[in-house]
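# A closer look at the structure
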Amino acid sequence: MTIDFHSHILPGIDDGSRNVKESVQILDNMAKDGVDIVVATPHFYCTKTSIHRFLDRRADAYERLKPNLKPEHPKILLGAEVLYNSALVGKEALKRLAIEGTSFLLLEMPYSKLDDEIINGVDVIASDLDVKVIVAHIERYLNFTSFSSLERLMNLDVMGQINAESLVHMRTCSRCVRLIKKGYVQLLGTDIHRIDRGNAYYSEGTSVIKKKIGNDFAAEIERNGKMVLKDRTIDEIVY
């Protein structure tokens, strides 16, 4: 089962798909690519909106898309890409932003140095029994912080997701391979935003993984995805 854990396919809710037509085009391409399930993860910024309002807007976007879905399209699960903010630490309502049917939360780091305050805050969120943390596109943060800081983050009780696009570009591929070999990557996503932005599709990412790491790791990513949707513990998945 192929599961894309990071996408911006819902129409008109963030900087992703601009309208229903574009969402359908993306889903058509995902179906051709062999994706079975896609997690819709529109951006959530706690400084811009409340969780309640965000969920209402997300539901509205999905309802506008739903009549246009085709039998061959991947199943859509609702989630969010939550930008870390210290105001979120200890917030009980965070669990409402988890991937549908699970307690897994896709958490995006600020694009700045990963300092003690951020890492300690993520640790508190990850220690909450109601939420399990998946760190979004972990390879990107190395543009802003040191590898040792990212290591500290990924050594918390969290899982890591990388983007297919980062695997297909030479400049970022070696970075992804290093993170995989360190054991910090468990899931893959496209992080696709728009049909004309040039995002890589899921199979392009797995093709690179098979070539650079091996078929076993590609299979492990699929297994991890199934375990996440069964809401298993991180220990069960990673170890």
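Above: the structure in question.
Here's a quick rundown of the structure. (Residues numbered from 1 in each chain as written. Predicted model: local features only at pLDDT ≥ 70, side-chain atom pairs only at ≥ 80, totals over all residues. Heavy atoms only, no water.)

### Some details on the environment of Glu92
Where we set the bar: Helix and strand assignments follow DSSP, with helices taken as H or I runs no shorter than four residues and strands as E runs no shorter than two, numbered in order from the N terminus. Only protein chains enter the area calculation, which uses a 1.4 Å probe; residues under 20% of their type maximum are buried, those over 50% are exposed, and those in between are partly exposed.
If you trace the backbone, Glu92 turns up in the loop between β5 (81-83) and β6 (104-108). Look at Glu92 and you get exposed, because its relative accessible area is 58%. Taking C-alpha positions, Glu92 is 41 Å from Lys212, a pair spaced 120 residues apart along the chain.

### Observations regarding the side chain of Arg175
Quick note on the threshold: His is not counted, nor are the chain ends; Lys and Arg add positive charge and Asp and Glu add negative charge. Salt bridges are identified by distance alone: a Lys or Arg side-chain nitrogen within 4 Å of an Asp or Glu carboxyl oxygen. N or O atoms within 3.5 Å of each other form a polar contact, as long as, within protein, one can give a hydrogen and the other can take it, and as long as residues adjacent in sequence are counted only when both atoms are side-chain atoms. By definition in these notes, contact holds between two residues if any of their heavy atoms fall within 4.5 Å.
Looking at the element boundaries, Arg175 is found in helix α6 (residues 170-181). Among buried charged residues, Arg175 stands out as having no salt bridge; its nearest opposite-charge side chain is Glu139, 7.5 Å away. Within polar-contact distance, the side chain of Arg175 engages the side chain of Asn143 at 3.0 Å. Beyond its immediate sequence surroundings of up to four residues, Arg175 is in contact with Glu139, Leu142 and Asn143.

### Some details on the pattern of salt bridges
Taken as a whole and assessed by the stated rule, the structure comprises 11 salt bridges. One salt bridge in this structure joins Asp130 and Lys95, with 3.9 Å as the shortest N-O distance. Here Asp130 is found in the loop between α3 (116-126) and β7 (132-135), whereas its partner Lys95 is found in the loop between β5 and β6, with 35 residues between them in sequence. With a closest N to O distance of 2.9 Å, Glu151 and Lys182 form a salt bridge. Separated by 31 residues along the polypeptide, Glu151 in helix α4 (residues 147-154) and Lys182 in the loop between α6 and β9 (187-189) bring together distant segments of the chain. On the basis of relative accessibility, which here comes to 43%, the residue Lys182 falls in the partly exposed class. A cluster of three or more residues bridged by salt bridges with shared partners is formed by Arg18, Glu22 and Asp196.

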